[in-house]
Amino acid sequence: MRQFSFIFFQPLREHILSISVEAIGCVDNYLPNACRFTYPIPMSLKVFALGTGVCADTPQTTVSRQPPGFLLDIDGMYLLFDCSEGIRFRLKNAGVDISQVTHVAVSHAHPDHAALPQFIQTKYCSHLFGTPSATSTQLRIYLPAQLARDFPHVWNWHQPENDGRYWDDFVPKIIGMEDGFTEELAPGVTLTAHHVYHGFGRHPAMGFRLETPHGVIAYTGDTGVCDALTQLAQNAHLLIADCSTRMGQEYTSGYGHMGPRQCGELALRAGVKELWLTHYFDCDAPDAMRNEARNAGYFGTIVLATDGMVWESGAS
Ligand SMILES: [Zn+2]
Ligand SMILES: [Zn+2]
């Protein structure tokens, strides 16, 4: 959708590298100590907007937007930012089988962001009833540390017949993230996470930054204005920002969301190339929201994200 190319990147597709990924902050007793994925050095980067909406429609809603979910296609390695209800159907619409999704990073556990049990069950059943592949049993789930510690209880609530276990041939790896967490997912591809401000500062919530040879993507998750956001979004090619506060109702503390002006200020401060406003209610006029973000002094591209949009490195 927009073009950002790195002139210093040398394609090295022929170099297939094998990396060993250590279990970091692993909280599940049933997991193996480590797993091994093999990925090529990435050649391309795409972002699919699978869910740009909120937890409910409003009377003003005219365009159907699903709850949060963004799929990052890193040359065929699939990473989800947030995992809301029914995400599998939207993956399918984007032409991606759930069995191909090997990495899921959840910003926080509010129900409109974290339908993880459903995702895990669907991925397992797709493996069971579908055609096994190299990725069908691979799943790394990244959660704020406190939520990772609590997740076994959630899973046990869904699967008491297994005593909260997973299955012999499918054991997702749950990775708890502390502030400043970083992991190399593939050669040159790094996921970083920082705590952000949400739920009156009491909800463990994180924003993400993905660095690749073809671009940097930042995703705020749900958050109010906080220092970590500038670090997460610094010089990003695409910033996907929570914009669920209405115009004129912005605050710097309180529950923890941003409005269009605050998103524009963040984009300006961090020097991002393109800003996607997401997670907004259909209460304010789109042009007014864009203008409000623009009035913050940000001169990059501003997009009110809608489901089905695709951002692609190297596109125009
Ligand atoms: Zn939330
Ligand atoms: Zn939310």
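Residues numbered from 1 in each chain as written. Chains lettered and ligands numbered in written order. Predicted model: local features only at pLDDT ≥ 70, side-chain atom pairs only at ≥ 80, totals over all residues.

Structural notes on the environment of Leu 304
Line of reasoning, step 1. Examined against the element boundaries, Leu 304 turns out to sit in strand β15 (residues 301–304).
Line of reasoning, step 2. Between the C-alpha atoms of Leu 304 and Trp 276, which are 28 residues apart in sequence, the distance is 5.8 Å.
Line of reasoning, step 3. With near-sequence residues (within four places) excluded, Leu 304 lies in contact with Leu 277, Pro 286, Met 289 and Arg 290. (Helix = DSSP H or I, 4+ residues; strand = E, 2+ residues; numbered from the N terminus. Contact = placed C-beta atoms within 7 Å.)

What to know about helix α2 (residues 116–129)
Line of reasoning, step 1. End to end, α2 covers 20 Å across 14 residues, agreeing with the expected 20 Å (1.5 Å per residue, within 8%).
Line of reasoning, step 2. Within α2, the full set of buried residues consists of Leu 116, Phe 119, Ile 120, Lys 123, Tyr 124 and His 127. Down the axis of α2, the smallest arc covering the buried residues is 125 degrees, so these residues share one side. In this structure, α2 carries Leu 128 and Phe 129 as exposed residues pointing more than 90 degrees from its buried face. (Expected span 1.5 Å × (residues − 1). Buried ≥ 20, exposed ≤ 12 C-beta atoms within 10 Å, placed from the backbone. Arc of directions from axis to C-beta.)

Regarding the sheet that holds strand β12 (residues 215–219)
Across a sheet, strands are paired by hydrogen bonds formed along the backbone, either parallel or antiparallel in direction.
Line of reasoning, step 1. Read across the sheet, seven strands follow the order β9-β10-β11-β12-β13-β14-β15 without closing on themselves; strand pairing throughout is mixed. The two strands at the open ends of the sheet, each matched to only one other strand, are β9 (181–186) and β15. In this sheet, neighbouring strand axes are inclined to one another by 15 degrees on average, regardless of whether the strands run parallel or antiparallel.
Line of reasoning, step 2. In terms of strand pairing, strand β14 (residues 274–278) meets β15 through four bridges, oriented parallel. Note on β15: the bridge partner recorded for Glu 274 is Thr 301.
Line of reasoning, step 3. Running at roughly 145 degrees to β15, helix α6 (residues 286–294) makes contact with β14 and β15 of the sheet. (Pairing = 2+ DSSP bridges. Axes fitted to C-alpha atoms, helices over the stretch in contact; angles between N-to-C directions.)

Quick word on the pairing of β12
Regular strands place their side chains on alternate faces of the sheet.
Line of reasoning, step 1. With five of five residues buried, β12 is to be regarded as a mostly interior element.
Line of reasoning, step 2. Burial of β12 is two-sided: the residues Gly 215, Ile 217 and Tyr 219 facing one way and the residues Val 216 and Ala 218 facing the other way are all buried.
Line of reasoning, step 3. Pairing geometry for strand β11 (residues 206–212) and β12, over five bridges, is antiparallel. Following the sheet pairing, Leu 210 is matched in β12 by Ile 217.
Line of reasoning, step 4. Taken together, β11 and the strand that follows it, β12, pair antiparallel across an intervening segment of two residues.
Line of reasoning, step 5. Summarising the sheet, β12 and strand β13 (residues 238–242) pair through three bridges and their orientation is parallel.

Brief notes about the nonpolar core
Side chains of a nonpolar character, in soluble globular proteins, are inclined to be buried together.
Line of reasoning, step 1. Among the nonpolar cores identified, the biggest contains 84 residues, and Phe 70, Tyr 142, Leu 239, Ala 241, Leu 275 and Leu 277 are the most heavily contacted of them.
Line of reasoning, step 2. Among the elements that make up this core, the one with the highest residue count is strand β5 (residues 77–81) (five residues).
Line of reasoning, step 3. Residues contacting Leu 275, with those up to four places away along its chain left out, are Leu 239, Ala 241, Cys 263, Ala 267, Ala 293, Tyr 298, Gly 300, Thr 301, Ile 302 and Val 303. (Core = buried A, V, L, I, M, F, W, Y, C linked by C-beta atoms within 7 Å.)

Regarding α6
Line of reasoning, step 1. Turning to α6, its buried residues are Met 289, Glu 292 and Ala 293. For α6, the angular spread of the buried residues around the axis is 95 degrees, confining them to a single face. Turned more than 90 degrees off the buried face of α6, the exposed positions are Asp 287 and Ala 288.
Line of reasoning, step 2. On its buried side, α6 packs onto α5 (260–270), β14 and β15.

A closer look at the sheet that holds strand β6 (residues 101–105)
Line of reasoning, step 1. Strands sit in the order β8-β7-β6-β5-β4-β3-β16 across an open sheet of seven strands; the sheet is mixed. Either end of the sheet is taken by a strand with one partner, and the two such strands are β8 (173–177) and β16 (310–312). Shown here is a sheet whose adjacent strand axes are inclined to one another by a mean of 20 degrees, direction ignored.
Line of reasoning, step 2. Pairing geometry for strand β3 (residues 46–51) and β16, over three bridges, is antiparallel. Bridge assignment links Val 47 to a residue of β16, and that residue is Trp 311.

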